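Here is what each chain is made of, one letter per residue.
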Amino acid sequence: MRKKLNYLFGLGFGLVLLIGCGSDAALGEVTLSEPIINLNTGPRTTTISYLIGQPTKVSIWLETSSGERYALRQAVTREPSKDAYQVLFDGSVPVDADTNRLLPSGSYTVVIEAENTAAQRLNLQIDQAPSDSFDVYDLRVTPNPFSPNDDAVEDFTTFSYRLPITATVSLDVIDSANATRYPILNRELQGLGEHSEAWSGRPVVGGILAAGTYQYELRADDGRGNRVTKRGDVTLSSAGIGALDVLSVEIGPEQILLNDVITVTFKVKNNSDVALRTFGPASGYTYSTNQSYSSIENEQYANLGGGLWRVAIDWDGNGGSGFRYPFRWAISPRSPDQWYDPNKFDYLYPGEEATIIGRVQIKQREDRMTFYAGVAHEGVDYPTNRLKPTLIQVSF
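Scoring rules and cut-offs
- Residues numbered from 1 in each chain as written.
- Predicted model: local features only at pLDDT ≥ 70, side-chain atom pairs only at ≥ 80, totals over all residues.
- Heavy atoms only, no water.
- Domains from an automatic or database assignment.
- Contact = heavy atoms within 4.5 Å.
- Buried area = accessible area lost by both parts, 1.4 Å probe.
- Helix = DSSP H or I, 4+ residues; strand = E, 2+ residues; numbered from the N terminus.
- Phe/Tyr/Trp six-rings, centres within 6.5 Å; stacked < 30°, edge-to-face > 60°.
- Buried < 20%, exposed > 50% of the residue type's maximum accessible area, 1.4 Å probe, protein only.
- Lys NZ or Arg CZ within 6 Å of the ring centre and 35° of its normal.
- Pairing = 2+ DSSP bridges.
- Axes fitted to C-alpha atoms, helices over the stretch in contact; angles between N-to-C directions.
- Salt bridge = Lys/Arg side-chain N within 4 Å of Asp/Glu carboxyl O.
- Core = buried A, V, L, I, M, F, W, Y, C linked by side-chain atoms within 4.5 Å.

J.: Could you clarify how one ought to interpret the domain arrangement of the protein in this entry?
T.: Interface size is often expressed as the accessible area that is lost when the parts come together. With domains assigned, the protein is organised as domain 1 (27-127), domain 2 (137-236) and domain 3 (244-394). Distance from the C-alpha centre of domain 1 to the C-alpha centre of domain 2: 34 Å. Counting residues at the interface gives eight residues for domain 1 and eight residues for domain 2. Both sides together, the interface formed by domain 1 and domain 2 hides about 720 Å², and carbon and sulfur atoms give 31% of it. Of all residues in domain 1, D98, N100 and L102 give up the largest surface area on contact with domain 2, accounting jointly for 64% of the area buried on that side. Here the side of domain 1 that touches domain 2 takes four residues from strand β8 (residues 99-102), the largest share from any one element.

Put into structure tokens, the structure is as follows:
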């Protein structure tokens with residue numbers, strides 16, 4: 001009788017040990033919060049939960065009836081915990097390091113496997129997955145290389161691409177030397193079709209990046225689980241910020257007759273590390289107050305934008321030309337036949353000085369005209385404005 005009691009006691013103690021050891025199992029209590037997800041009407045997600053009772057490595061994947069696998073976790077280290085580990089699944093799987101894709105509608109098996117432990121399997125149904133594909137198409141960067149050095153030649157590059165549907169887009173330029181990101185777009189919602197984004201080589205706040213090769217990264221998310229990342233290189237062949245200092249300016253004479261000419265004399269210096277690109281008319285050109293830089297010489301000197309530099313004058317109350325600083329001259333110290341591109345363009349090189357003389361014939365029937373000087377960085381700004389206001393008295 002005593003032997004029987006001892007046997008029953010031992011058996012019961014053993015069962016208690018076995019039950020107690022259940023909480024120490026490497027993998028246990030595997031569940032899905034939703035066995036069916038519907039990518040149109042919802043629920044859109046399901047949560048995979050599991051408990052870990054001892055240190056192990058866990059892999060999780062989805063498997064089709066044909067045996068094709070889509071990995072969600074691969075041999076990730078997990079420590080014992082009283083709280084369940086969870087994986088939120090939204091119907092998308094990583095195709096590679098840069099791409100997530102929605103799975104098509106169908107039946108799948110969720111497989112959770114821990115080291116030295118039998119895998120556990122749960123059934124999952126995905127319904128109403130979108131049938132249209134998602135990617136970023138025709139991504140181009142032109143020009144590449146480009147030269148943001150304020151010379152009005154390829155100072156900008158353009159990222160262009162095509163979206164098949166509406167998506168949220170981010171675009172960064174990355175300096176791999178210090179892992180710094182410079183955002184160009186930050187989660188901007190864009191519709192289907194062609195898109196382009198110009199970039200001047202400048203971060204969002206001030207300065208300009210140094211010459212060199214950088215990586216760009218464009219990320220697009222359609223909001224349904226599809227995520228795409230495109231990468232490439234963009235090269236700044238030369239870079240810098242131009243600065244033109246006006247050393248002196250004189251405007252006169254201060255008393256003239258109607259139809260006489262006033263003269264403005266500039267002395268300027270390129271105080272930057274980049275060449276400043278300029279074009280005509282050249283020093284010595286004479287305007288009348290009925291003209292502007294856009295109306296002379298068959299309009300060949302109209303504002304081309306892009307960062308070209310010219311010195312200029314204007315007068316208070318100017319309303320006839322429709323332009324700020326209607327009288328502009330090239331900042332080159334050379335005659336047009338000696339320009340970098342003769343009679344078309346020239347450069348004022350770093351450290352170089354120039355004296356520019358401009359003339360304006362006064363045909364305006366105003367007895368008092370206050371002229372002032374400036375610098376036009378065309379398409380960008382007027383870095384020098386309203387310099388040396390001079391009252392000109394006109395008799396008629």
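Moving on from the coordinates now.
J.: Sorry if this is basic, but what is going on with the packing of aromatic side chains here?
T.: The geometry of an aromatic ring pair comes down to the distance between the two centres and the angle between the two planes. Scanning the model with the defined rule gives 14 aromatic pairs in all. Taking 6.2 Å as the distance between ring centres and 65° as the angle between the ring planes, the aromatic pair formed by F279 and Y301 counts as edge-to-face. Here F279, found in the loop between β21 (276-278) and β22 (286-288), pairs with Y301, found in the loop between β22 and β23 (309-315); they are 22 residues apart in sequence, far enough to count as distant. In terms of burial, F279 and Y301 fall into one category: buried. With a centroid separation of 5.1 Å and 85° between ring planes, the pair formed by Y340 and Y347 is classed as edge-to-face. Taking relative accessible area as the criterion, Y340 reaches 58% and is therefore assigned exposed. Taken together, the ring pairs connect Y285, Y287, W315, F327, W329 and F371 into an aromatic cluster. Directly above the aromatic system of F345 lies the positively charged group of R277, at a separation of 3.7 Å from the ring centroid. Its guanidinium or amino end placed over the ring of Y382, R324 lies 4.3 Å from that ring's centre, counting from NZ or CZ.

J.: What should I look at first to understand the sheet that holds strand β11 (residues 137-142) in this one?
T.: The strands making up a sheet associate through hydrogen bonds between their backbones, and the pairing can be parallel or antiparallel. Spatially, β11-β12-β15 is the arrangement adopted by the three strands of the open sheet, whose pairing is antiparallel. For this open sheet the edge positions go to β11 and β15 (193-199), each flanked by a neighbour on one side alone. Neighbour-to-neighbour, the strand axes of this sheet turn through a mean angle of 10°, independent of strand direction. As judged from the seven bridges shared by strand β12 (residues 157-163) and β15, these two strands associate in the antiparallel manner. Bridging across to β15, F159 finds its partner in E197.

J.: Just to check I follow, could you spell out the pattern of salt bridges for this structure?
T.: Oppositely charged side chains are able to pair whenever their charged atoms sit close together. The tally for this structure, following the rule as stated, stands at 21 salt bridges. Between R310 and E378 there is a salt bridge; the shortest N-O distance is 2.7 Å. Pair noted here: R310 is in strand β23 and E378 is in the loop between β27 (368-377) and β28 (381-395), with a separation of 68 residues, a long-range link. Classification of R310 as buried rests on a relative accessible area of 0%. Judged by its relative accessible area of 2%, E378 falls in the buried class. Residue E378 pairs with R328 through a salt bridge whose shortest N-O separation is 2.8 Å. A residue pair is termed long-range when its members are at least 10 positions apart, and E378 in the loop between β27 and β28 and R328 in strand β24 (residues 327-329) qualify at 50 residues. Here R328 falls in the buried class, since its relative accessible area comes to 1%.

J.: Sorry if this is basic, but what is going on with the pairing of β28 here?
T.: Two faces make up the sheet, and in a regular strand the side chains alternate between them. The pairing of strand β19 (residues 255-257) with β28 spans three bridges and is parallel. Note that in β28 the partner of I256 across the bridge is V394. Pairing between β27 and β28: seven bridges, direction antiparallel. Paired with H377 across the bridge in β28 is D381. Between β27 and β28, which pair antiparallel and follow one another directly, the connecting turn spans three residues, one of which, G379, has a positive phi of 80°.

J.: Help me out: how do you make sense of the side chain of S288 in this one?
T.: Along the chain, the position of S288 falls in strand β22. Setting aside its immediate chain neighbours within four residues, S288 contacts F327, V360, Q361 and K363.

J.: Just checking my understanding: could you explain the environment of R121 for this structure?
T.: Counting through the fold element by element, R121 comes out in strand β10 (residues 120-127). As for R121 and V274, which are separated by 153 residues in sequence, their C-alpha atoms are 66 Å apart. Excluding anything up to four places from it in sequence, R121 contacts E63, T109, V110 and V111.

J.: Please clarify how the sheet that holds strand β9 (residues 106-114) should be interpreted in this entry.
T.: With respect to topology, five strands assemble into an open sheet ordered β2-β10-β9-β4-β5, the strand pairing being mixed. Strand pairing shows two members of the sheet lacking a second neighbour, β2 (36-38) and β5 (69-78), which therefore form its edges. When the angles between neighbouring strand axes are averaged without regard to direction, this sheet yields 20°. Summarising the sheet, β9 and β10 pair through seven bridges and their orientation is antiparallel. Across the sheet, residue V111 finds its bridge partner in β10, namely R121.

J.: What am I meant to see in the nonpolar core here?
T.: A general trend in soluble globular proteins is that nonpolar side chains are found buried together. Judged by nonpolar contacts, the single largest core of 37 residues is most densely connected at L244, F266, V311, I313, W329 and F371. Of all the secondary-structure elements, those providing two or more residues to this core are β18 (244-252), β20 (261-270), β23, β24, β26 (353-361), β27 and β28. Ignoring any residue separated from it by four or fewer positions in sequence, one finds V311 in contact with L244, F266, V268, F327, R328, W329, I331, I356, G374 and V375. Core analysis: the second largest hydrophobic core is formed by 25 residues, L27, I48, Y50 and V58 among them.

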